[in-house]
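So the chains spell out like this:
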Amino acid sequence: MTVYLNGKFMPIAEAYVPVLDRGFIFGDGVYEVIPVYSKCAFRLDEHLQRLQHSLDGIRLANPHSNAEWTQILSELIARNAGEDQYLYLHITRGVARRDHAFPQPPVPATVYAMSSPLLPPDNALLASGVAAVTAVDNRWLHCDIKAISLLPNVLLRQQAVDAGCAEAILLRHDPITGSGFMTEGAASNIFVVKNNTLLAPPKDNLMLPGITYDVVLELARAAGIAHEVRKITEAEVRNADELLLTSSTKEILAITTLDGKPVGRGKPGAMFAQLYPLYQKFKHEVMRKP
Ligand code: PDD
């Protein structure tokens, strides 16, 4: 496995970061995950745009232009085996004496990228769907930033795994009315289906603006599927006909059990059956060479 670290390609065993890196000390950095199909990065422009949004959110200058990123990532893809991969990009505020405030003067950012085999859910999982639990979304108020400090997400996902489930569906409570609403999954976006309508929570500071989420909404629009982007209540999650999970590595997956109870009929439903093949067709057709 060949990785990229601060301007150089090297075997992963040779890639080291100093212990004073602010990513290690403070979790002070951002990341991206980009799927690669047939050696082409999927929706690269959109991922780089989201990376810029995350960097702006933590006030860190982008160490590379989009042209440079494209060059680095295509070389990484070429140097790693496999047609389908997923790229992980990680940028931290660099190496400096431990102090919470930004290093002054600024130090060079640490830039790391690696590629792993992309293994989307297999046929058995697509046919059965996965189980999920609900959990209180106890993260901060900047969940639109793809921050490397993922401790809340790690604990929430582990809560799901401890219950024998694949994902945690996160709920917050409106501070005024006290009523519950859904944000996203611990590492995915969540759609609700009710009466043949696809419901998606609106992009705001409480969820990561998923690239797969965007693709699914575009596909729904193009296929004339009824859809609404609006706040989704806890009751709507609990009474859903279907629940769908999306992410760059899982693509689209049905959630068929929630908190131990079947979702709808407890099997992937009609909306999943319609969207999944559309996504598969789209991802192969619209790939752009980096
Ligand atoms: N996570 N929400 C959260 C909190 C996520 O971590 C992710 C993806 C998503 C889906 O975004 P996208 O469709 O752009 O992958 C939503 C990646 C895959 C990860 O951390 O590994």
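Located above this text is the structure these notes cover.
Everything numeric here is computed off the predicted structure, so don't read it as measured data.

Enquirer: Requested: an account of unusual backbone geometry, with residues and values cited.
Expert: Where the residue is not glycine, phi is negative for most of them; where a peptide bond is considered, it is trans in most cases. The omega torsion across Gln104 and Pro105 is 0°, close enough to zero to call that bond cis. Phi at Arg59 takes a positive value of approximately 60°, unusual for a residue other than glycine. Within the secondary structure, Arg59 sits in the loop between helix H2 (44-57) and helix H3 (66-79). Phi is positive for Asp259, close to 50°, though the residue is something other than glycine. Inspection of the secondary structure assignment puts Asp259 in the loop between strand E14 (251-258) and strand E15 (261-262).

Enquirer: For the pairing of strand E2 (residues 8-11), give the residues involved together with the corresponding values.
Expert: Direction of pairing for strand E1 (residues 2-5) relative to E2: antiparallel, over a ladder of 4 bridges. In the strand pairing of E2, Tyr4 is matched with Phe9. Count of turn residues in the E1/E2 antiparallel hairpin: 2 residues, of which Asn6 carries a positive phi of about 45°.

Enquirer: Residue-level account of the packing of aromatic side chains, with values.
Expert: In total, this model carries 7 aromatic pairs according to the counting rule given. On the numbers, 6.2 Å between centres and 65° between planes, the contact of Phe42 with Tyr279 is edge-to-face. One end of the pair, Phe42, is in the loop between strand E4 (40-41) and H2; the other, Tyr279, is in helix H8 (residues 270-285), and 237 residues separate them in sequence. For the pair Phe42 and Tyr279, one class covers both residues: buried.

Scoring rules and cut-offs
- Residues numbered from 1 in each chain as written.
- Predicted model: local features only at pLDDT ≥ 70, side-chain atom pairs only at ≥ 80, totals over all residues.
- Heavy atoms only, no water.
- Helix = DSSP H or I, 4+ residues; strand = E, 2+ residues; numbered from the N terminus.
- Pairing = 2+ DSSP bridges.
- Phe/Tyr/Trp six-rings, centres within 6.5 Å; stacked < 30°, edge-to-face > 60°.
- Buried < 20%, exposed > 50% of the residue type's maximum accessible area, 1.4 Å probe, protein only.

Any functional reading would require information that these geometric values do not contain.
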